[in-house]
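# Analysis of the macromolecular model
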Amino acid sequence: MALSRATGEVSEFMSDIFREVEEDLRQERVKRFWRRYGWIVGGAALVVVLGVAGYRLYDWYQTRQAALAGDAFFEAVEFARVGDHQAAADAFGALADRGGRMETLARFRAASARASAGDLEGAIADYDAVAADPDAEELIRQAAAIRAAYLLIDTASAEEIGARIGDQTEEGSAFRNAAHEVIGANAYRLGDLAAARAAYAELASDFGAPADMRQRAERMLDHLAARGVETAPRTEDTQTEESQ
C-alpha cells in the first residue's frame, strides 16, 4: 500500500513537471510568434482602427455636407419665393457646382430662376446640362429638354427643336403633349402652318392632355382654320370644356 501511495505521488509529481514544461513551451511559442509576427498583427490592428476612424470621419463629413447643402437649397428657394430670381439663380448655380446628390435638382432650379430673371441663354445652358446628364433620372432629363425647347420657340429652327425633343412626341411619353405644343408654336412662327396644324391637332385630340393645354390647341386650330389652313374637327369633349 505504501508502494502504491509512493507511485501515485511520483505520478502526480511527474504530471506537474509535464504541465510546467508544456506551459513553458507554450509561453516560448507565444514569444516566438510575437517576435516573428507581432508587427503584422499590430499593423493589422492599426489598419482596422484607422479604417473605423476614417469611416466615422467620412460619415460625419457627408452628413455635414448634406446639411449645408440643404440649408443652401432652402435659402435659394426663399430667394425665388420673394421674386429675387437672379439671387436664386446664383444660389442654385453655386449649389449645383458643388456636385453631390442635389446637383441635378439645383441645376434644374437654377435654369428656371435664370429664365425668370431674363437670362435665357444661361437657362438653356443649364437645362441642356441636365438633359445631357447620364446620372440624372430619365424624367428629369426629358423635362429639362422640353423646358429648353420652350425657351427656344421664338429663335430656333425646326431641326433644333426636334433635336431637343427627340422621340417625346410618341405615345407613352410623359411629356408628349408639351412636345406637340412646342412643335406647333415653333412651326407657326416659322410659317409652316401645315406642320403647326398637325401638331395642334395631335394635342387637341389627346383626351389625356391637361384641359388648358387642349383649349390652347383648339384656339390655334380655329385661328389656322380662319387663315384657310385645313384643320381637324373640334372634339365634343373640348367643346364641353370650353362651354364650362
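Anything mentioned here points back to the structure above.
Residues numbered from 1 in each chain as written. Predicted model: local features only at pLDDT ≥ 70, side-chain atom pairs only at ≥ 80, totals over all residues. Heavy atoms only, no water.

Before going further, it helps to examine helix 4 (residues 120–131). In this model helix 4 runs 16 Å from its N-terminal to its C-terminal C-alpha over 12 residues, within 8% of the 16 Å that 1.5 Å per residue would give. Among all positions in helix 4, only Gly 122, Ala 123, Ile 124, Asp 126, Tyr 127, Val 130 and Ala 131 are buried. In this fold, the buried residues of helix 4 make contact with helix 3 (103–116), helix 5 (138–151) and helix 6 (158–165). (Helix = DSSP H or I, 4+ residues; strand = E, 2+ residues; numbered from the N terminus. Expected span 1.5 Å × (residues − 1). Buried < 20%, exposed > 50% of the residue type's maximum accessible area, 1.4 Å probe, protein only. Contact = heavy atoms within 4.5 Å.)

Where two aromatic rings form a pair, the distance of their centres and the angle of their planes describe that pair. This structure, assessed with the given rule, holds one aromatic pair. Seen in terms of ring centroids, Phe 108 and Tyr 127 are 5.3 Å apart; in terms of plane orientation they differ by 75 degrees. Their pairing is edge-to-face. Taken together, the residues span a long stretch of sequence, with Phe 108 in helix 3 and Tyr 127 in helix 4 at a distance of 19 residues. An identical accessibility class is assigned to Phe 108 and Tyr 127; each is buried. (Phe/Tyr/Trp six-rings, centres within 6.5 Å; stacked < 30°, edge-to-face > 60°.)

Let's shift gears to the pattern of salt bridges. Taken as a whole and judged by the stated rule, the model has nine salt bridges. Put simply, Arg 164 and Asp 128 hold a salt bridge, and the shortest N to O gap is 2.5 Å. On the criterion of sequence distance, the pair formed by Arg 164 in helix 6 and Asp 128 in helix 4 is long-range, its members being 36 residues apart. Residue classification places Arg 164 among the partly exposed residues on the basis of a relative accessible area of 26%. Residue Arg 141 pairs with Glu 138 through a salt bridge whose shortest N-O separation is 3.7 Å. A residue pair is termed a helical-turn pair when its members lie 3 or 4 positions apart in one helix, as Arg 141 and Glu 138 do in helix 5 at three residues. Taking the relative accessible area as the measure of exposure, Arg 141 reaches 24% and is therefore partly exposed. (Salt bridge = Lys/Arg side-chain N within 4 Å of Asp/Glu carboxyl O.)

Glancing now at the side chain of Asn 177. Looking at where Asn 177 falls in the secondary structure, it is placed in helix 7 (residues 176–190). Setting aside chain neighbours within four positions, we find Asn 177 in contact with Leu 203, Asp 206, Gly 208, Ala 209, Pro 210 and Met 213.

Moving on to the environment of Gln 168. Tracing the sequence through the fold places Gln 168 in the loop between helix 6 and helix 7. For Gln 168, a relative accessible area of 4% corresponds to the buried category. In the structure, Gln 168 is positioned 11 residues away from Ala 179 in sequence and 6.3 Å away in space, judged by C-alpha atoms. In this structure, Gln 168 is in contact with Gln 142, Ala 145, Ile 146, Ser 173, Phe 175, Arg 176 and Ala 179, ignoring residues within four places of it in sequence. Among the polar contacts made by the side chain of Gln 168, one reaches the main-chain carbonyl oxygen of Gln 142 at a distance of 3.3 Å. (Polar contact = N/O pair within 3.5 Å; in protein donor to acceptor, adjacent residues only side chain to side chain.)

Helix 7 packs onto helix 6 with a crossing angle of 170 degrees between their chain directions and a minimal axis gap of 10 Å. Relative to helix 7, helix 6 is oriented roughly antiparallel. In contact with Ala 158, Ile 161 and Ile 165 of helix 6, helix 7 contributes Ala 179, Val 182, Ile 183, Asn 186 and Leu 190. Classifying every residue of the contact of helix 6 with helix 7 gives seven nonpolar, one polar and no charged. (Axes fitted to C-alpha atoms, helices over the stretch in contact; angles between N-to-C directions. Parallel < 35°, antiparallel > 145°, perpendicular 65-115°, else oblique. Nonpolar A, V, L, I, M, F, W, Y, C, P; charged D, E, K, R; others polar.)

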